[in-house]
Amino acid sequence: MHDPQKRAACAPHTDACAPAVQRCMCHVHVHVPPPFPTRCPTCSGALRGAPADSELALTPCRALLCCVNPQAAGDDYSYIMAESLADRLAEAFAELLHERVRKEWWGYAPDEKLSTDDLLKVKYQGIRPAPGYPSQPDHTEKSTMWSLLQPDVAASITLTDSLAMSPAASVSGLYFGGKCSNYFAVGKITKEQIDDYAARKDMPIDEAQRWLRTCLNYEP
């Protein structure tokens, strides 16, 4: 649990295989009544029940549909349906990967048997947030993921100038396996946090403010 009075702007995560890489994330910076802690996504890797040596994993995946382009034939409805199907397949594959992490690769829940309804209610141990989630609003952390995993080479998933994934039917995220890990929102970010966050990321303050503008509790 973190003291909300301290200057806890972001928590670095250094990958064991790439010691020069640091992931920066924001803490909840407002007073939170007990028993709820002032959280940061990287806390999930350090909490009780996290798999040893496997506290953080990165995953990009995409759906690939091999079909005639219906848009080229002027069939906009079929094109929209194909796009929708690709989106669903990418999400489903990401969910399957997370299940295999829990049951096999990290193996902290080998006997997990959940219904589809339970899976939709996230009753399993661990979380799979992504850059842009309320708990990690900074999309620039995708650049760190891409530099580590090179999904542009392995899966032809690229990032646009606004750090959206292309093709659109792509999913990326972070896996945390701690028993106490859960989804939450960072909420509003103070100027003090932005200054410290920008320093940790070696990023100009105005750029950090631009990427986190919707989260600021002040006008830059």
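Above this note sits the structure.
This one's a predicted model, so the numbers in the text were calculated from it and none came from an experiment. (Residues numbered from 1 in each chain as written. Predicted model: local features only at pLDDT ≥ 70, side-chain atom pairs only at ≥ 80, totals over all residues. Heavy atoms only, no water.)

**Q** Could you give an account of the overall build of the protein chain, naming the residues involved and the relevant values?
**A** When its secondary structure is counted, the protein chain shows seven helices and six strands. Starting at the N terminus and walking to the C terminus, you meet the elements of the protein chain as β-β-α-β-α-α-α-α-β-β-β-α-α. Counting all 220 residues of the protein chain, 42% fall into the buried class. Nonlocal contacts in the protein chain, meaning residues at least 24 apart in sequence, comprise 66% of its contacts between residues at least 6 apart. A total accessible area of about 12300 Å² is found for the protein chain, and carbon and sulfur atoms account for 55% of it. (Helix = DSSP H or I, 4+ residues; strand = E, 2+ residues; numbered from the N terminus. Buried < 20%, exposed > 50% of the residue type's maximum accessible area, 1.4 Å probe, protein only. Contact = heavy atoms within 4.5 Å. Areas by Shrake-Rupley, 256 points an atom, 1.4 Å probe, with all protein chains shown as cover.)

**Q** Run through the nonpolar core, naming residues and quoting values.
**A** By size, the foremost hydrophobic cluster in this structure holds 12 residues: Phe184, Val186, Ile189, Ile194, Tyr197, Ala198, Met203, Ala208, Leu212, Cys215, Leu216 and Tyr218. With three residues, the top contributor of residues to this core is helix α6 (residues 191–201). (Core = buried A, V, L, I, M, F, W, Y, C linked by side-chain atoms within 4.5 Å.)

**Q** A description of a nonpolar patch on the surface should follow, citing residues and the corresponding values.
**A** On the surface, Val122, Tyr133 and Tyr183 cluster together to form a nonpolar patch covering roughly 240 Å² of accessible area. Structurally, Tyr133 can be placed in the loop between α3 (116–120) and α4 (141–149). (Patch = residues over 30% accessible without salt bridge, like charges linked within 9 Å, V, L, I, M, F, W, Y side chains within 5 Å. Salt bridge = Lys/Arg side-chain N within 4 Å of Asp/Glu carboxyl O.)

**Q** I'd love a proper account of the packing of aromatic side chains, names of residues and values included.
**A** Applying the stated rule across the entire model yields two aromatic pairs. Plain terms: the ring middles of Trp106 and Tyr108 are 6.3 Å apart, the flat faces sit at 45° to each other, and that makes the pair tilted. Exposure remark for Tyr108: the relative accessible area of 18% places this residue in the buried category. Judged by centre distance (6.3 Å) and plane angle (35°), the rings of Tyr133 and Tyr183 are tilted. Here Tyr133, found in the loop between α3 and α4, pairs with Tyr183, found in the loop between β6 (170–175) and α6; they are 50 residues apart in sequence, far enough to count as distant. Classification of Tyr133 by relative accessible area gives partly exposed; the value is 35%. Using a relative accessible area of 35% as the deciding quantity, one classes Tyr183 as partly exposed. Directly above the ring of Tyr124 sits Arg102, whose terminal nitrogen or CZ lies 3.8 Å from the centroid. (Phe/Tyr/Trp six-rings, centres within 6.5 Å; stacked < 30°, edge-to-face > 60°. Lys NZ or Arg CZ within 6 Å of the ring centre and 35° of its normal.)

**Q** An account of the side chain of Glu112 is needed here, citing residue identities and associated values.
**A** Relative to the elements of secondary structure, Glu112 occurs in the loop between α2 (76–105) and α3. At a separation of 2.7 Å, a polar atom in the side chain of Glu112 contacts the side chain of Arg102. Leaving out residues up to four positions away in the same chain, Glu112 has contacts with Glu99, Arg102, Lys103, Leu119 and Tyr124. (Polar contact = N/O pair within 3.5 Å; in protein donor to acceptor, adjacent residues only side chain to side chain.)

**Q** Account for the pattern of salt bridges, with residues named and values stated.
**A** Opposite charge on two side chains makes pairing possible when the charged atoms of those side chains draw close. Scanning the entire structure with this criterion turns up 11 salt bridges. Between Lys201 and Asp138 there is a salt bridge whose closest N-O contact spans 3.7 Å. Taken as a pair, Lys201 in helix α6 and Asp138 in the loop between α3 and α4 lie far apart in primary sequence, 63 residues in all. This pair shows no difference in class: Lys201 is buried, exactly as Asp138 is. Close ionic contact of Glu141 with Lys201 constitutes a salt bridge, the shortest N to O distance being 2.4 Å. Within this pair, whereas Glu141 is found in helix α4, its partner Lys201 is found in helix α6, the two being separated by 60 residues in sequence. Each member of the salt-bridge network shares a partner with another, and the members are Asp138, Glu141 and Lys201.

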